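Coordinate analysis (summary)
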Amino acid sequence: MSDRIDIRAGAPEVADAARDRVVHAAERAIAARGVFHWALAGGSTPKAAYARLAALPPRVIDWTRVRVWFGDERCVPPDHAESNFRMAADTLLSRVPLPSSNIHRIQAELGPAAAPSYESLLAATFPHAAPSFDLVLLGLGVDGHTASLFSTADFPPDPARLAISVVAPPGYSIRPRISLTHHALARARAAVFLVTGHEKRDTLARVLQPSSDQDRSLPASIIASTCHARWIVDRDASDHER
Ligand code: 6PG
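These notes cover the structure that comes with them.

What counts, and where the lines are drawn
Per chain, residue numbering runs from 1 following the sequence as it is written. Selection of residues for local features in this predicted model requires a pLDDT of at least 70, selection of side-chain atom pairs for listing and counting requires 80 or more, and totals for whole chains, interfaces and linings are taken over all residues. The side-chain numbers reported here are obtained from all heavy atoms of the structure, hydrogens and water having been left aside. The helix and strand labels rest on DSSP assignments: H or I over at least four residues marks a helix, E over at least two residues marks a strand, and numbering proceeds from the N terminus. As defined in this context, the radius of gyration uses C-alpha atoms, and a globule is described by 2.2 Å times the residue total to the power 0.38. Here's how the labels work: a residue is buried when its accessible area is under 20% of the maximum for its type, exposed when over 50%, partly exposed in between, all with a 1.4 Å probe on protein chains only. Cavities and pockets are found on a 1 Å grid laid over the protein atoms alone: a cavity is a set of points where a 1.4 Å probe fits but cannot escape, a pocket is an open set with protein on both sides within 12 Å along at least five of seven lines, and a lining residue has an atom within 4 Å of such a point. Grid points are joined across faces, edges and corners, and a volume is the space filled by probe spheres set on the points. Here the term charged refers only to Asp, Glu, Lys and Arg, the term nonpolar to Ala, Val, Leu, Ile, Met, Phe, Trp, Tyr, Cys and Pro, and the term polar to all other amino acids, Gly among them. Salt bridge, as applied in this entry: a Lys or Arg side-chain nitrogen positioned within 4 Å of an Asp or Glu carboxyl oxygen. Any residue with a non-hydrogen atom lying within 4 Å of a molecule or strand is treated as near it. N or O atoms within 3.5 Å of each other form a polar contact, as long as, within protein, one can give a hydrogen and the other can take it, and as long as residues adjacent in sequence are counted only when both atoms are side-chain atoms. Note on areas: these come from Shrake-Rupley sampling with a 1.4 Å probe, and a residue is covered only by the protein chains present in the view. Cavity and pocket membership follows a simple rule, namely that a molecule belongs there if more than half of its atoms are within 2 Å of the grid points. One less than the residue count of a helix, multiplied by 1.5 Å, gives the span that helix is expected to have. Any two residues whose heavy atoms approach within 4.5 Å at even a single point are treated as in contact.

Let us now look at the overall build of the protein chain. Counting secondary structure elements, the protein chain contains eight helices and nine strands. Rg of the C-alpha trace for the protein chain: 17 Å, near the compact-globule value of 18 Å for 242 residues, within the 12% margin. The principal-axis extent of the C-alpha atoms belonging to the protein chain is close to 45 × 40 × 35 Å. Per-residue burial over the protein chain gives 51% buried out of 242 residues.

Roughly 550 Å³ of volume is contained in the largest pocket. Around the largest pocket sit 30 residues that line it, and Gly 42, Gly 43, Ser 44, Arg 74 and His 145 are the ones nearest its centre. Looking at the lining of the largest pocket, the elements that each hand over two or more residues are β4 (72-74), α3 (84-91) and β5 (135-138). Partitioning the lining of the largest pocket into residue classes produces twelve nonpolar, eleven polar and seven charged. Considering only enclosed or pocket space, the second largest pocket measures out at about 210 Å³ in volume. Along the walls of the second largest pocket sit 15 residues, with Arg 4, Val 207, Leu 208, Ala 224 and Trp 231 positioned nearest its centre. Among the elements of the structure, α6 (201-208) and α8 (219-226) are those that each provide at least two residues to the lining of the second largest pocket.

Turning next to the pattern of salt bridges. Enumeration according to the criterion identifies 13 salt bridges in this entry. The partner of Glu 109 in a salt bridge is Arg 105, and the shortest N-O contact between them spans 2.8 Å. For Glu 109, a relative accessible area of 33% gives the class partly exposed. The structure contains a network of salt bridges with shared partners spanning Asp 16, Arg 19, Asp 20 and Arg 52.

Okay, the site of the ligand next. The full set close to the ligand counts 15 residues, and Ser 44, Thr 45, Asp 72, Arg 74 and Ala 147 are the nearest of them. Here an oxygen atom of the ligand and a side-chain polar atom of Ser 44 are 2.7 Å apart. When the ligand sits alone it has 420 Å² of accessible area, and the protein chains cover 87% of it. Of the pockets mapped on this structure, the ligand occupies the largest pocket.

Quick look at helix α4 (residues 114-125) now. The terminal C-alpha atoms of α4, which comprises twelve residues, lie 17 Å apart, in line with the 16 Å expected from a rise of 1.5 Å per residue. Contacts from the buried residues of α4 go to β3 (66-70), β6 (163-167) and β7 (176-180).

Summed over all chains, the structure comprises one cavity of 30 Å³ or more. In this structure, the largest cavity spans a volume of roughly 40 Å³. Lining the largest cavity we find Leu 122, Phe 126, Ser 132, Phe 133, Leu 162, Ala 184 and Arg 187. Split into classes, the residues belonging to the lining of the largest cavity amount to five nonpolar, one polar and one charged.

So yeah, pure geometry; function would need other evidence.
Following this line, the structure appears as structure tokens:
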């Protein structure tokens with residue numbers, strides 16, 4: 001595997017490594033530009049890393065200089081059990097001295113209208129084509145999605161499109177979503193996927209070593225290559241010998 005892939009013993013060690021990666025990215029961004037723009041991943045994998053960040057001693061990260069964004073959101077209220085914002089708020093945002101004005105929630109309860117609204121905020125914050133987020137955390141679905149990009153139909157050609165409304169495939173409990181686009185993600189200075197669990201092994205192998213056009217068109221494959229992403233994975237998700 002390439003040097004872009006950090007294989008850890010298990011999910012706790014992946015969470016430790018992810019915590020350290022966020023701390024390092026924050027230190028570098030704040031030292032260089034006085035601010036750390038961080039796009040959070042949703043789902044369940046990042047929970048342990050967020051909890052570890054919340055448990056850090058107060059001055060390890062200057063949270064007043066952190067601005068939090070979201071890679072995607074389900075179209076539910078922010079207090080809904082399946083809200084990515086709710087997950088981040090419960091595990092991290094409510095537990096660190098992060099000014100609420102620094103939290104840029106996707107107002108996905110508004111439905112598709114939330115996409116242009118978030119797009120306007122992104123465009124106002126990050127001048128066109130300039131780098132944007134200092135770090136984007138991403139997860140990997142067993143179907144090869146990431147953020148809420150489920151197929152190449154979710155990849156608008158217009159580079160000005162930074163956020164879109166998406167409908168997840170049948171089988172997902174919350175299908176209407178808002179997602180950053182590959183254009184928005186590709187403008188990040190760094191992107192890191194967090195992947196754990198044996199159920200992700202085949203998908204991770206296909207994404208890391210695409211052997212067909214179908215594999216190369218998996219959203220996570222496209223994002224990984226356009227973002228020059230790094231990976232923090234556990235042995236269960238990796239095809240390396242234990
Ligand atoms: C979401 C996430 C999604 C997630 C993957 C992996 O809103 O569901 O943004 O892209 O990262 O589905 O989810 P798990 O970490 O729960 O396996």
